[in-house]
Amino acid sequence: MADLKLTNVEKTYGGTVNVLKDINLDIQTGELIVFVGPSGCGKSTLLRMIAGLEKITGGELKIDGEVMNDVPPAMRGIAMVFQSYALYPHMTVRDNMAFALKLAKKSPQEIDEAVNRAAKVLQLDEYLDRLPKALSGGQRQRVAIGRSIVRDPKVYLFDEPLSNLDASLRVATRIEIAQLKESMPNSTMIYVTHDQVEAMTLASRIVVLANKGIAQVGSPLELYERPENEFVAQFIGSPAMNLLAGEIVNTGEVTEVKVHDGAGTIMANIPTTEADQGLAVNVGIRPEDMVATTGENYAFADEVSIVEALGEVTQLYFAAPSSSADTDTVIAKLPGIHTDVRGKKMTLTADPSKVHLFADGQSLLYR
Ligand code: ADP
Ligand code: MG
């Protein structure tokens, strides 16, 4: 059981290279928090500062109300699982899992109990007497997790634990981690990934890191439905949200936006005031929220340049004229199979409840 509090945490490498600043975050006991963001945004750095493997150069980290900044890693009650799991090759699964407990001079009975309990949770009971080389990649990763579970830590830290596994094993192991978390409702876990699908499927709350700071914190669906800024809007969801440049032509409870380049107008269920009249905005529409229309009001009309039929959905690509869109392509993801639309003109719109509006990169919902 542990909660964490980060206050104005920052990291500057070598006294000059600032990679993180103004990190403020409260993590409650029992949460599975996922840090997600593009490569190099500081996810590992933040995790390693929490673990004590990297010095915190500004701000404060508390675990259970105690300041941890200068507490050595072994005294923080934390266990960390890395991307590359180095098991001892000449030791059985049981001995790999027992190793830290032996070092800590626990009694043989205590060690046995802890290892058996962890093996059960991780469904490794049958493999306890095998060597690592006789295990699959997913099983080895589970042993690596087992080595942290036996120590009964207050906080588990995972740094991209699945990125060395192939695609199908990644999904299977992801589900196992979700089940593992369910079997330990009072343990606090922080999980780092660059993969937004992993973040969406595992997290109780996601922390999106970008530009040295936190872009947004929220539940997976909060981030999907109510992104605070264009970065989060385009990072969560795949393919990324389309952004179309336009201007507000009617304000009120519902806002009407004229999309540039001769497209029609589109309505958004986002309240605006008279002062917003004429405001330059980006209209955000997720590919899966695009719908074909024959009406006069629409967000976008163009010829389909590429068709990707995936079976359950078809992804249609349009080469967006650069003046009308903030992205090079506009993508529509329509349910079912549409193979005969290449080169044909389509007119697309979206339900007003699915339309996002951003000014200067920030959502109008959060003003
Ligand atoms: P992520 O895990 O999100 O991919 P990292 O936390 O590993 O990112 O790195 C964040 C930034 O800090 C990167 O720009 C990286 O080059 C830089 N960095 C990481 N470790 C060091 C170091 N020891 N010295 C200097 N810069 C570092
Ligand atoms: Mg990393």
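These numbers come from a predicted model, not from an experiment.

**Student:** What is the right way to look at the layout of surface pockets in this model?
**Tutor:** To find the voids left in a structure, one rolls a probe of water-molecule size over its atoms. Volume-wise, the largest pocket comes out at about 470 Å³. Every residue lining the largest pocket is counted, 22 residues in all, and those nearest its centre are M80, F82, R147, S148 and R151. Looking at the lining of the largest pocket, the elements with two or more residues in it are β6 (78–81), α2 (93–103) and α4 (137–149). Of the residues forming the lining of the largest pocket, the biggest block, five residues, is contributed by α2. Its residues assigned to classes, the lining of the largest pocket comprises 17 nonpolar, three polar and two charged.

**Student:** How should I be thinking about the nonpolar core in this particular structure?
**Tutor:** Taken as a class, soluble globular proteins show a tendency for nonpolar side chains to be buried jointly. Judged by nonpolar contacts, the single largest core of 44 residues is most densely connected at V34, M97, I145, I149 and Y191. For this core, the element with the highest residue contribution is helix α3 (residues 108–121), accounting for five residues. Each residue touching I149, except ones within four places of it in the same chain, is listed here: A118, L122, Y156, L180 and M184.

**Student:** Which parts of the structure should I look at to understand the pattern of salt bridges?
**Tutor:** Two side chains carrying opposite charge are able to pair once their charged atoms lie near each other. Taken as a whole and assessed by the stated rule, the structure comprises 11 salt bridges. The residue D95 makes a salt bridge to K102 at a minimum N-O spacing of 3.5 Å. We classify D95 as partly exposed; its relative accessible area is 28%. Exposure remark for K102: the relative accessible area of 46% places this residue in the partly exposed category. A salt bridge links R367 to D276; the nearest nitrogen and oxygen atoms lie 2.9 Å apart. Remark: D276 occurs in the loop between β13 (265–268) and β14 (280–285) and R367 occurs in the segment after β22 (362–363); sequence separation between them is 91 residues. Overall, the relative accessible area of 59% leaves R367 in the exposed class.

**Student:** I would appreciate a short explanation of the sheet that holds strand β4 (residues 58–63) in the present structure.
**Tutor:** Strand pairing in a sheet relies on backbone hydrogen bonds, with the paired strands running either antiparallel or parallel. Here four strands make up an open sheet; going across it, the order is β2-β1-β4-β5 and the pairing antiparallel. Two strands close off the open sheet at either side, each with one partner strand: β2 (17–27) and β5 (66–67). Pairing geometry for β4 and β5, over two bridges, is antiparallel. Following the sheet pairing, I63 is matched in β5 by E66. Contacting β1 (4–13), β2 and β4, helix α1 (residues 43–51) crosses the sheet at an angle of about 120° to β1.

**Student:** Would you mind showing me how to read the domain arrangement of the protein here?
**Tutor:** The parts lose accessible area when they come together, and the size of an interface is often stated as this lost area. Under the domain assignment used here, the protein contains domain 1 (4–233) and domain 2 (237–366). Here the C-alpha centroids of domain 1 and domain 2 sit 38 Å apart. Taken residue by residue, the interface counts 11 residues in domain 1 and 15 residues in domain 2. Roughly 1,200 Å² of surface becomes buried between domain 1 and domain 2 when both sides are summed, with 46% attributable to carbon and sulfur atoms. Here domain 1 is connected to domain 2 by zero salt bridges. On inspection of domain 1 and its partner domain 2, the count reaches eight residue pairs in polar contact (both at pLDDT 80 or more).

**Student:** Just to check I follow, could you spell out the site of ligand 1 for this structure?
**Tutor:** For ligand 1, the full set of nearby residues is Y13, V19, P38, S39, G40, C41, G42, K43, S44 and T45. One of the side-chain N or O atoms of S44 is found 2.8 Å from an oxygen atom in ligand 1. In isolation ligand 1 offers 560 Å² of accessible surface; the protein chains occlude 56% of this area. Top element by residues in the shell around ligand 1 is α1. It accounts for three residues. Here the residues of the shell around ligand 1 sort into four nonpolar, five polar and one charged.

Criteria and thresholds
Residues numbered from 1 in each chain as written. Chains lettered and ligands numbered in written order. Predicted model: local features only at pLDDT ≥ 70, side-chain atom pairs only at ≥ 80, totals over all residues. Heavy atoms only, no water. 1 Å grid on protein atoms, 1.4 Å probe; cavity = no way out; pocket = protein on both sides within 12 Å on 5 of 7 lines; lining within 4 Å. Points joined across faces, edges and corners; volume = space filled by probe spheres on them. Helix = DSSP H or I, 4+ residues; strand = E, 2+ residues; numbered from the N terminus. Nonpolar A, V, L, I, M, F, W, Y, C, P; charged D, E, K, R; others polar. Core = buried A, V, L, I, M, F, W, Y, C linked by side-chain atoms within 4.5 Å. Buried < 20%, exposed > 50% of the residue type's maximum accessible area, 1.4 Å probe, protein only. Contact = heavy atoms within 4.5 Å. Salt bridge = Lys/Arg side-chain N within 4 Å of Asp/Glu carboxyl O. Pairing = 2+ DSSP bridges. Axes fitted to C-alpha atoms, helices over the stretch in contact; angles between N-to-C directions. Domains from an automatic or database assignment. Buried area = accessible area lost by both parts, 1.4 Å probe. Polar contact = N/O pair within 3.5 Å; in protein donor to acceptor, adjacent residues only side chain to side chain. Near = heavy atom within 4 Å. Areas by Shrake-Rupley, 256 points an atom, 1.4 Å probe, with all protein chains shown as cover.

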